[in-house]
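Observations on the model geometry
Each chain, letter by letter, is given below.
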Amino acid sequence: MKFFASGLLFDNDGVLVDSHEAARIGWEQWASEYAPNFNWDTPENAGVRAEDKVRELVAAELFEIANDRINELEQSTAHLTQPLPGAVELLTSLRAGTWTVCTSANANLGRARLAAAGIPVPAELVTGDDVARGKPFGDPYALGASRLGVPAAECVVFEDAAAGVESARAAGVGFVVGVSARALGTGADVVVRDLSGITFDGATLYIPESNVLGEGDIDG
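Being a predicted model, the structure only gives us computed values, none of them experimental.

Digging into helix H5 (residues 107-116)
By the burial criterion, the buried members of H5 are Leu109, Gly110, Arg113 and Leu114. Summarising the axial view, the buried residues of H5 lie within an arc of 130 degrees, below the 170-degree limit, and thus occupy one face. Summarising the geometry of H5, the exposed residues directed more than 90 degrees from the buried face are Asn108 and Ala115. Tucked into the core, H5 has its buried residues touching strand E3 (17-18), helix H1 (20-34) and helix H3 (63-76). At the N-terminal boundary of H5, the capping side chain belongs to Asn106, with an oxygen 3.1 Å from the backbone nitrogen of Asn108.

Right under this line is the structure:
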């Protein structure tokens, strides 16, 4: 499968890196302190900024201290992050200025997770700190396209979460690639198992047919 594009925009967690265990440890500890009935590990929480989730769960007067606490906990587990299949190979093959990462993590956490996974940090990195509204609003991907200097309509987004696909659509991107079986049903234009075998020369994105998932595929 071939698609034409001027830039690639990647979500990080669940697309480039596996930070699930790292995040689970941090959020379970946080929940025990601030929201005992909160279950972080659900699809609706995927891809959403931590600060937005904290704001939903605690009283306004507790927001600052509770937000600082989840930031501290997630930073302390960032070293557990691992690269997902194909991510290092693809990103190290790309020409600078043709791609960036648009993560909901704050700047310190986003950089730490990329570094732990051995993935290069692009100069155009977009984090949750850079936008007034995080995913599912279109701000992150609109800013990513702007930093690459290309129209959003000429960009391809790689996402695994419904909130991220919604964000990409709101930004007006031209094509959305869902990553992993979790992305089935999100409205992504095509869903792949992972980033293995995908190439991009700055104009043409190639996705192996053997990597494409259908609605009948499930995790594992």
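Topic: the packing of helix H2 (residues 50-57) against H3
In helix packing, the relevant descriptors are the interaxial angle and the interaxial distance, both defined with respect to the helix axes. It is the contact of H2 with H3, at a shortest axis distance of 9 Å, that shows an interaxial angle of 135 degrees. Put simply, H2 runs oblique to H3. H3 is crossed by H2, and the crossing has right-handed handedness. Across the interface between the two elements, Ala50, Glu51, Val54 and Arg55 of H2 pack against Phe63, Ala66, Asn67, Ile70 and Glu74 of H3. For the contact of H2 with H3, the residue count by class is five nonpolar, one polar and three charged.

Some words on the sheet that holds strand E7 (residues 175-179)
The pairing of strands in a sheet happens through backbone hydrogen bonds and is either parallel or antiparallel. Strand order in the open sheet formed by six strands is E5-E2-E6-E7-E8-E11, and the pairing between neighbours is mixed. The two strands at the open ends of the sheet, each matched to only one other strand, are strand E5 (99-101) and strand E11 (212-213). Bridging between strand E2 (residues 7-10) and strand E6 (residues 155-159) involves four bridges; their strand directions are parallel. Counterpart to Gly7 in the pairing with E6 is Cys155.

Criteria and cut-off values
Residues numbered from 1 in each chain as written. Predicted model: local features only at pLDDT ≥ 70, side-chain atom pairs only at ≥ 80, totals over all residues. Heavy atoms only, no water. Buried < 20%, exposed > 50% of the residue type's maximum accessible area, 1.4 Å probe, protein only. Helix = DSSP H or I, 4+ residues; strand = E, 2+ residues; numbered from the N terminus. Arc of directions from axis to C-beta. Contact = heavy atoms within 4.5 Å. Polar contact = N/O pair within 3.5 Å; in protein donor to acceptor, adjacent residues only side chain to side chain. Axes fitted to C-alpha atoms, helices over the stretch in contact; angles between N-to-C directions. Parallel < 35°, antiparallel > 145°, perpendicular 65-115°, else oblique. Left-handed = near helix turned anticlockwise from the far one by under 90°. Nonpolar A, V, L, I, M, F, W, Y, C, P; charged D, E, K, R; others polar. Pairing = 2+ DSSP bridges.

The analysis is restricted to geometry; functional conclusions fall outside its scope.
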